[in-house]
Amino acid sequence: MGTYTLKSIGNANDYMTIVREVEDGYVVRIVRDQDGYNEVKTDYISKSLFESCVRTGYLTKIDHAVEAISA
């Protein structure tokens, strides 16, 4: 489905991966860089909020070549 970087303050490398699509949104896995260790969280985001985040630049899709390197 895709991996997206999250707009962050500073040099954080936070990203979100869509795990699966549900009727009205997505189940996502969010990885946040917290002072050298990763905080991993699974959550839900509605389709309308997701589309708004992409449109405003809060979420930016990562190219597949970059995805393979980070996996």
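What follows concerns the pairing of strand E2 (residues 15-22). Pairing of strand E1 (residues 3-6) with E2 involves three bridges; the strand directions are antiparallel. From the neighbouring strand, Tyr4 faces E2, where its bridge partner is Met16. The pairing of E2 with strand E3 (residues 25-34) spans seven bridges and is classified as antiparallel. Within E3, the position partnered with Glu21 by the bridge is Tyr26.

Relative to the elements of secondary structure, Thr3 occurs in strand E1. Accessibility expressed as a relative area gives 6% for Thr3, which makes it buried. Side chain to side chain, Thr3 and Thr17 meet in a polar contact 3.3 Å long.

Parameters at a glance
Residues numbered from 1 in each chain as written. Predicted model: local features only at pLDDT ≥ 70, side-chain atom pairs only at ≥ 80, totals over all residues. Heavy atoms only, no water. Pairing = 2+ DSSP bridges. Helix = DSSP H or I, 4+ residues; strand = E, 2+ residues; numbered from the N terminus. Buried < 20%, exposed > 50% of the residue type's maximum accessible area, 1.4 Å probe, protein only. Polar contact = N/O pair within 3.5 Å; in protein donor to acceptor, adjacent residues only side chain to side chain.

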